[in-house]
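Secondary and tertiary structure notes
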Amino acid sequence: ILKTEVVSRSQVSDLLELSKPERMEKPAGEISGSQYSNKILGFSFLAPEGWVQQPQKTQPTIPDVAVVGPKVNGIPPAIYISVNEKNGKSFEEYITEVKDSLQKSIESGDLVILNENKTMVNGKSAYEINVVQAFANEAGNIVNMKLKSIIISGPDKFYTIGYANSEENFDS
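Quick summary incoming for the structure in this document. (Residues numbered from 1 in each chain as written. Predicted model: local features only at pLDDT ≥ 70, side-chain atom pairs only at ≥ 80, totals over all residues. Heavy atoms only, no water.)

Within strand S10 (residues 157-166), 8 of the 10 residues are buried, leaving the element largely enclosed by the surrounding structure. As judged from the 8 bridges shared by strand S6 (residues 78-85) and S10, these two strands associate in the antiparallel manner. Paired with Val 83 across the strands is Tyr 159, a residue of S10. With 9 bridges connecting them, strand S9 (residues 142-153) and S10 associate as antiparallel partners. Bridging across to S10, Ser 153 finds its partner in Phe 158. Hairpin connection, S9 to S10: the antiparallel pair is bridged by 3 residues. (Buried < 20%, exposed > 50% of the residue type's maximum accessible area, 1.4 Å probe, protein only. Helix = DSSP H or I, 4+ residues; strand = E, 2+ residues; numbered from the N terminus. Pairing = 2+ DSSP bridges.)

Turning to the layout of surface pockets, a few remarks are in order. Space inside the largest pocket adds up to approximately 1200 Å³. What lines the largest pocket is a set of 33 residues, among which Thr 61, Ile 62, Pro 63, Tyr 80 and Leu 147 lie closest to the centre. If you list the elements that add at least two residues to the lining of the largest pocket, you get strand S5 (65-68), S6, helix H1 (91-108), strand S8 (124-136), S9 and S10. When its volume is computed, the second largest pocket comes out at roughly 170 Å³. Among the secondary structure elements, those contributing two or more residues to the lining of the second largest pocket are strand S3 (43-46) and S10. For the lining of the second largest pocket, the element with the highest residue contribution is S3, accounting for 3 residues. Of the residues in the lining of the second largest pocket, the class split is 7 nonpolar, 2 polar and 1 charged. (1 Å grid on protein atoms, 1.4 Å probe; cavity = no way out; pocket = protein on both sides within 12 Å on 5 of 7 lines; lining within 4 Å. Points joined across faces, edges and corners; volume = space filled by probe spheres on them. Nonpolar A, V, L, I, M, F, W, Y, C, P; charged D, E, K, R; others polar.)

Let us look at the nonpolar core. If you look at the biggest cluster of nonpolar residues, it comprises 16 residues, and the most contacted ones within it are Phe 91, Tyr 127, Leu 147 and Ile 151. With residues near it in sequence (within four places) discarded, Ile 151 still touches Phe 91, Tyr 94, Ile 95, Val 98, Ser 125, Ala 126, Tyr 127, Phe 158, Tyr 159 and Thr 160. Judged by nonpolar contacts, the second largest core, of 12 residues, contains Tyr 36, Phe 45, Val 65 and Val 67. (Core = buried A, V, L, I, M, F, W, Y, C linked by side-chain atoms within 4.5 Å. Contact = heavy atoms within 4.5 Å.)

Among all residues except glycine, the phi angle is most often negative; among peptide bonds, the trans geometry is most common. With a phi angle near 45°, Asn 87 is a residue other than glycine that sits in the positive phi range. You can see Asn 87 is positioned in the loop between S6 and H1. For Asn 87, a relative accessible area of 68% translates into the label exposed. The backbone of Asn 122 shows a phi angle near 50°, a positive value even though the residue is not glycine. Tracing the sequence through the fold places Asn 122 in the loop between strand S7 (111-121) and S8.

This part is about a nonpolar patch on the surface. Nonpolar side chains collect at one region of the surface, where Val 7, Val 12 and Leu 15 lie side by side and expose about 200 Å² of accessible area between them. Along the chain, Val 12 turns up in the segment before strand S1 (29-32). (Patch = residues over 30% accessible without salt bridge, like charges linked within 9 Å, V, L, I, M, F, W, Y side chains within 5 Å. Areas by Shrake-Rupley, 256 points an atom, 1.4 Å probe, with all protein chains shown as cover. Salt bridge = Lys/Arg side-chain N within 4 Å of Asp/Glu carboxyl O.)

Here is the structure:
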């Protein structure tokens, strides 16, 4: 660019007429105070004081919603929720699919199932599983994380609700 000049819009004869820019949609869910609400996925919950929502889901393998708390010994506790369409699957088929997805980590010794059982939650079929899984923290050290997940069968969807924390801080 060798020369520039400022002119008024009326002096430009070939000015492009463009429509208004598309706006990014607001996230489907948001935390207001400690209440998280998601109208699209159809649920809400109270997040612990001081916990923050993580970015929106970007990959199919990560939860739809995750809120994390303050780090304790370098590890933040987390609550996570995933919602999956049934797509004709029975509850038993879905549980088998979930357990099959864990098999590689079990065989490598990175994941141990502590206990699992079928139960009922508010009259709906549910499956609870508690595991310990080895994770590398920010410093690259291996930390045992304890996770408790419960899968609830809704009319059209499966809801997975879970809590994760370091094994040493899980119950605190």
